[in-house]
Amino acid sequence: MKKKEDDEKTGQCQCEHGYTRRGFLASVGVGAMAAIATTSKLSSAKEASPAELSAEKAVVVTLLVNDRTHRLLVEPRWSLLYVLREHLGLTGTKVGCERGECGACTVLIDDLPRNACLTLAVEAEGRRITTLEGLMQGEELGPVQQAFVEEDAMQCGYCTPGQIMSVEGLLRARPQPTPAEIRQAVSGNLCRCGTYPHIVKAAARAADLKAKR
Amino acid sequence: MKDDERDLYFVEGIAVPQTPLPGEEPAAWGKTTVIGQRQPRVDAYERVSGTAVYPSDVVLPNMLYGALLRCPHAHARVKKVDISAAERMEGVHAILTGASLAGKVKWPYSEEVVTDLFDAQCRFEGEAVAAVAATTPYVARDALRAIAVEYEVLPFVADERESLAPGAAQIHAGGNRFKAETYERGDVNKGFAEADVVLEEKYRTACEIQSPMELHGCVANWEGDSLTIWESTQGVYAVQAKTADILGLPLSKVRVIGHYMGGGFGAKLQPGKYTICAALLARKIGRPVKIFLSREEAMLAAGNRPPANMTIKAGVKKDGTLTALQFSGLGSGGAYPAGGTSLLDWLVRDLYVCPNVQSELTDVAINAGPARPFRAPGHPQCAWALEQMMDALAEAIGMDPVDLRLKNVPLVSQGREGSPPYTTTGLSACITEGAEAFGWREARRRTAAARKEKNHLKRGVGMGSCVWFVGGGRPPSTVIVKLFADGSVNLNMGASDIGTGTKTVMSMVLAEELGVRPETIQIEHADTGSTQYATPSGGSKTVPTESPAVRSAAIAVKQQLLKMAAGELGSPLENLRYTGEYIEATDSGKKVKITDLASLKKQGVVVGIGYRGPNPEGKVVNPFAAQFCEVEVNTRTGEVRILRFLGAHESGRVMDRLTFDNQVFGGITMGIGLGMTEKRILDANSTGKMVNRNLHDYKLPTALDVPEEMVSLPVDMPDSEANNTGAKGLGEPVTIPTAAAIANAIYDAVGVRVRQSPADPLTMNRLLAEQSPEERS
């Protein structure tokens, strides 16, 4: 990893074109606006020009979630989190604050950990979305999930999906992270039960498991 | 499961305890083979795969989404609620207001104080004013915004220290004083006269919010006159009882389900107004309704740890004998009686040997959300004061803090009438073994030597110890264990697993007793419709309450199997040995595989019922702990970094070493929150409103705030007098001494006493700036 100061200046993390939590928060307003204004991203061009798009008026959106395509009618104001949980039944993604502060809703968008609560469903069109369920290999747990079981990296388990997705995102960018990188990577995922020591151990174990597979 | 294991659920070759004769208490376990091992959670797969359905995950066909309109003022009277615009909105299906309920639905804030569900008098910001149900949560929130409420804004008081001042806003007709308690033993004045050193100091801990990651809420659905509620709760039977009572329903018609839940820490022991609103809305519309609070609502209205203002005066002789402790505490559980000073003086009364103790507690009203129990009510606050005072006394008489505590370890519970003895106490062992493993004495020498160095990074070590008021568990609890013809086992238990590993520990108890593998056990739990009665999972009581009942049920199963085998092997009961997979006759040498027992095959299942027996009479069952930490204080920035932590905990028998350690780390992490990062801030001067009502401004500890080095040192002391598994509770003691230990370490590092929590950089900078030049090094 490069210098931490670089991240804070730009809001970008060294790993490709990723975001730190702070940078992500600062840029999300822009992202949301851009998505509403960019009708080219919406499948239903008939739905109209940017000026006519209202928050409540449903539009058709095509989402690629866990390698499956879903065509859905959504209101442009609906968050990806709400659509995943209440419409697609993918409740592995949890809701903790709906403000990008707790990380319970972390999913991967094009391999990068993102808060599904701060991502509009329309904004996610054309992106590759991976949720906790998408890490499963059939009935088998993925390596990060397996490591979380072995190291008891959970208590109530509610923040756990977000922690797992943050670790998965980290390992996709940095297959052999240092403990400091792990702690940084999950620092946007609050765990009120306080299982952090086990989470850090699980992330290291997951890196080993992934290397072996 | 591998093919060759399919018919074999038993672990081969393990010693299984003998079944006692009927009516006899089972003997304590000797050497255990499953209990005490590192067993991963039996429901871990569900939790990491996304297949565990938490109440907030429940989506029912035709379901609507509810939301509560909340008072934006600290204190106000609702004059008029206009729902005409909201009612006309597309997608809005029902609206409930104070007027529409016509005072028919009551909400008991306490036994004495009962208000309307939507009461005209809103005594805190976030009080419920109306509820809506709509097609989506977005429309529901639109509807809330469309409801026009006319408020008469009233004077407020938001600081408990101002609550009893002349001219303070009156929250209740009877005044702002809820409760005043006093306690006295011996004669403190005599004690202070005998002391060589007397110190007096004021301390304060800020109000904390429980903040479980899963928000408070439920899904309610009616089938005819039967109500089913999926609630994120620590106790399904407690939710059932209060909901049935408020709605005037028979208990049998209210089913509460809470298989998984995302944390509670005391804030989910009871239903909320949202539960009642969801049920009322669902009944009105005839469709299921889901209500989950927002984080902001939870922070305002779903519980907190009351702020505590404490004065402590202590006398000690030069040899470390405590002669007197005098304590006064002022707290507030918010706008309604909610235990604002609950157990606030307990450590002063009970933790150390002291013949002369006096305390007084005053619980007052402020215009803020009602408190709910928060992990070890009163204790971490009292530890903040008492444990810092112990260190100050130790310094004053030139004694090591560890030695001063060891000098005053009690064997009886002095705080209780008649000073009954503890069944066991590991307090000395926790302090001694903890100090040894931490390298306490060497560390103290090192930090003392380093203090003279010119360096802006100062290191210090600190410790704290504790007892937890309860933690022994108690009746009632009933569980049912079924052993099927193929040898697999089902446990039916009403208790919730709130993340502490209850299900895993119970599986281990069954495995230990019946010789089956933990992962072959299926557990049904936390459902008033289909599982047995249990009290809520709180008070560190679930393992010591449920595990003895589970063991008894397993023994009941074994006794029936032995009876079957006696007939089939033709040997008397006393000559039979249960070995897990087989039952052997010691006289004839014959043995029968349990799954081959003809009676079992015919009967299909053997059912064992276990009841939780009483606790030993005249004795007290409490867990104990001592924690140690090392910190580094940056005297230029005021930042405190915790370098390492060690928790030495005696909670009777260690049941699952893996979940035990996890709990210890979790409790320490939460204690770091109290000590370093967390405080509810109310705008006491101009609005009374909470200003940090989100997880950005209200700081929970993150992975970067906990030390890399955390050590859990179990002091394994099976308590055979307490119950038949020898277990005591762990969930609460783990967070009691943490913040105090940090404060003591900060003092050791820089000579600054942090009297008010949290020790955040702002506070530290102020305290460091106040230091005189000679104190600074």
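Since the model is a prediction, treat every value here as computed from it, not as a measurement.

Reading guide: rules and limits
Residues numbered from 1 in each chain as written. Chains lettered and ligands numbered in written order. Predicted model: local features only at pLDDT ≥ 70, side-chain atom pairs only at ≥ 80, totals over all residues. Helix = DSSP H or I, 4+ residues; strand = E, 2+ residues; numbered from the N terminus. Buried ≥ 20, exposed ≤ 12 C-beta atoms within 10 Å, placed from the backbone. Contact = placed C-beta atoms within 7 Å. Nonpolar A, V, L, I, M, F, W, Y, C, P; charged D, E, K, R; others polar. Pairing = 2+ DSSP bridges. Axes fitted to C-alpha atoms, helices over the stretch in contact; angles between N-to-C directions. Expected span 1.5 Å × (residues − 1). Domains from an automatic or database assignment. Core = buried A, V, L, I, M, F, W, Y, C linked by C-beta atoms within 7 Å. pLDDT = per-residue confidence, 0-100. Parallel < 35°, antiparallel > 145°, perpendicular 65-115°, else oblique. Left-handed = near helix turned anticlockwise from the far one by under 90°.

What follows is about the overall build of chain B. Secondary structure summary: chain B contains 19 helices and 28 strands in total. When the backbone C-alpha atoms are referred to their principal axes, chain B occupies close to 85 × 75 × 45 Å. Counting across all 777 residues of chain B, residues that qualify as buried make up 58%.

What follows is about the overall build of chain A. A tally of helices and strands in chain A yields 7 helices and 7 strands. Relative to its full complement of 213 residues, chain A shows a buried share of 52%.

Listed per partner, the contact involves 47 residues of chain A and 46 residues of chain B. Counting residues per element, the ones that place at least two in the side of chain A that touches chain B are helix H4 (143–150), helix H5 (160–173), helix H6 (179–185) and helix H7 (196–212) of chain A. Residue contributions to the side of chain A that touches chain B peak at 5 residues, all from H7 of chain A. When the residues that make up the side of chain A that touches chain B are grouped by side-chain class, the tally is 24 nonpolar, 12 polar and 11 charged.

Residues and elements named next belong to chain B. Here strand S14 (residues 289–292) shows no split at all, with Val289 and Ile291 on one side and Lys290 and Phe292 on the other all buried. Of the strand pairs in this sheet, strand S1 (residues 64–70) and S14 are connected by 2 bridges, and their pairing is parallel. Considered in S14, the bridge of Tyr65 is made with Lys290. Strand direction decides the pairing type here: strand S11 (residues 217–223) and S14, joined by 4 bridges, are antiparallel. The residue bridging Cys218 from the neighbouring strand is Ile291, located in S14.

Here we come to the sheet that holds strand S6 (residues 121–122) of chain B. Residue and element names in this part refer to chain B. Judged by pairing direction, the sheet is antiparallel, and its 3 strands sit side by side in the order S6-S2-S8 without closing on themselves. If you trace the sheet from one side to the other, it starts and ends with S6 and strand S8 (148–153), each paired once. Where strand S2 (residues 76–82) meets S8, 6 bridges bridge the pair, whose relative direction is antiparallel. Looking across to S8, one finds that Val81 is bridged to Val149.

Residues and elements named next belong to chain B. Across the sheet, which stays open at both edges, the 5 strands sit in the order S9-S17-S16-S15-S10 with mixed pairing between neighbours. Of all the strands in the sheet, just strand S9 (177–185) and strand S10 (197–205) have a single pairing partner and so form its edges. Taken over all neighbouring pairs, the strand axes of this sheet differ in orientation by 10° on average, direction set aside. Bridge analysis of S10 against strand S15 (residues 308–316) gives 9 bridges, and the strand direction is antiparallel. Each residue of the ladder has a partner; that of Val198, found in S15, is Gly315. The sheet strands contacting helix H10 (residues 379–396) are S10 and S15, and the helix crosses S10 at an angle near 150°.

Moving on to helix H6 (residues 236–247) of chain B. Residue and element names in this part refer to chain B. With 12 residues, H6 should cover 16 Å at 1.5 Å per step; its first-to-last C-alpha distance of 16 Å lies within 8% of that length. Turning to H6, its buried residues number three or more, namely Val236, Tyr237, Ala238, Val239, Gln240, Thr243 and Ile246. Against the buried residues of H6 lie strand S4 (106–108), strand S12 (226–231), strand S13 (254–257) and helix H7 (273–285). At the exit of H6 stands Gly248, carrying a positive phi of roughly 65°.

On to the environment of Met710 of chain B, then. Mapped onto the elements of the fold, Met710 of chain B is located in strand S28 (residues 709–714). We classify Met710 of chain B as buried; it has 21 C-beta atoms within 10 Å. Expressed as a C-alpha distance, the spacing of Met710 of chain B and Glu639 of chain B, which sit 71 residues apart in the sequence, is 20 Å. When near neighbours in sequence (up to four residues on either side) are disregarded, Met710 of chain B contacts Pro197 of chain A together with Phe645, Phe665 and Ile668 of chain B.

Residues and elements named next belong to chain B. Partitioning chain B into domains gives domain 1 (3–31 + 473–611), domain 2 (55–154 + 211–301) and domain 3 (379–471 + 619–765). Each of domain 1 and domain 2 was reduced to a C-alpha centroid, and the two centroids are 41 Å apart. Its residues assigned to classes, the side of domain 1 that touches domain 2 shows 5 nonpolar, 9 polar and 1 charged.

Attention now moves to the domain arrangement of chain A. Residue and element names in this part refer to chain A. Once the domains are mapped, chain A shows domain 1 (4–134) and domain 2 (143–212). Counting residues per element, the ones that place at least two in the side of domain 1 that touches domain 2 are strand S5 (106–109) and strand S6 (112–115). With 3 residues, the top contributor of residues to the side of domain 1 that touches domain 2 is S5. Looking at side-chain class alone, the side of domain 1 that touches domain 2 contains 9 nonpolar, 5 polar and 4 charged residues.

Going from Pro475 of chain B to Pro476 of chain B, the amide bond is cis rather than trans, its omega being 5°. Along the chain, Pro476 of chain B turns up in the loop between strand S18 (457–467) and strand S19 (478–484). Following Ser757 of chain B, the chain continues into Pro758 of chain B via a peptide bond in cis, with omega recorded as -5°. Turning to its location among the elements, Pro758 of chain B is positioned in the loop between helix H18 (738–750) and helix H19 (761–770). Look at Asp152 of chain A: it is not a glycine, yet its phi comes out positive at around 50°.

Membership of the largest hydrophobic core comes to 283 residues, with the highest contact counts inside it found for Val132, Leu510, Ile742 and Ile746 of chain B. Those residues within four positions of Ile746 of chain B in sequence are excluded, and the remaining contacts are Gly460, Val631, Val633, Val640, Val752, Val754 and Ala759 of chain B.

Low-pLDDT stretches of the model should not have their predicted coordinates read in fine detail. In the predicted model, chain A carries a mean pLDDT of 83, and 75% of its residues have values of at least 70. In this model residues 1–50 of chain A is a low-confidence stretch, pLDDT under 50, and it forms 63 contacts with partners more than four residues away in sequence or in other chains.

Another aspect to go through is the packing of H6 of chain B against H7 of chain B. Residue and element names in this part refer to chain B. Interaxial distance between H6 and H7 falls to 11 Å at its minimum, and their mutual angle equals 55°. Compared by their axis directions, H6 and H7 come out oblique. Crossing of H6 over H7 shows right-handed handedness. Packed against H6, whose contacting residues are Val239, Thr243, Ile246 and Leu247, the element H7 presents Thr275, Ile276 and Ala279 at the interface.

All names here are of chain B. Looking at chain B as a whole, the pLDDT averages 95, with 97% of positions reaching at least 70. Residue range residues 1–7 is modelled with pLDDT below 50. Its contacts to residues more than four positions away, or to other chains, number 2 contacts. Note on the complex model: pTM 0.93, ipTM 0.96.

It is worth spelling out the packing of H10 of chain B against H18 of chain B at this point. All names here are of chain B. At their nearest, the axes of H10 and H18 sit 8 Å apart, and the two run at 30° to each other. When the axes of H10 and H18 are compared, the crossing they make is right-handed. Of the residues in H18, those in contact with Pro380, Ala383, Trp384, Glu387, Gln388 and Asp391 of H10 are Ala739, Ala740, Ala743, Asn744 and Tyr747.

This paragraph deals with the environment of Val357 of chain B. Residue placement: Val357 of chain B occurs in strand S17 (residues 357–364). In the structure, Val357 of chain B is positioned 32 residues away from Leu325 of chain B in sequence and 4.9 Å away in space, judged by C-alpha atoms.

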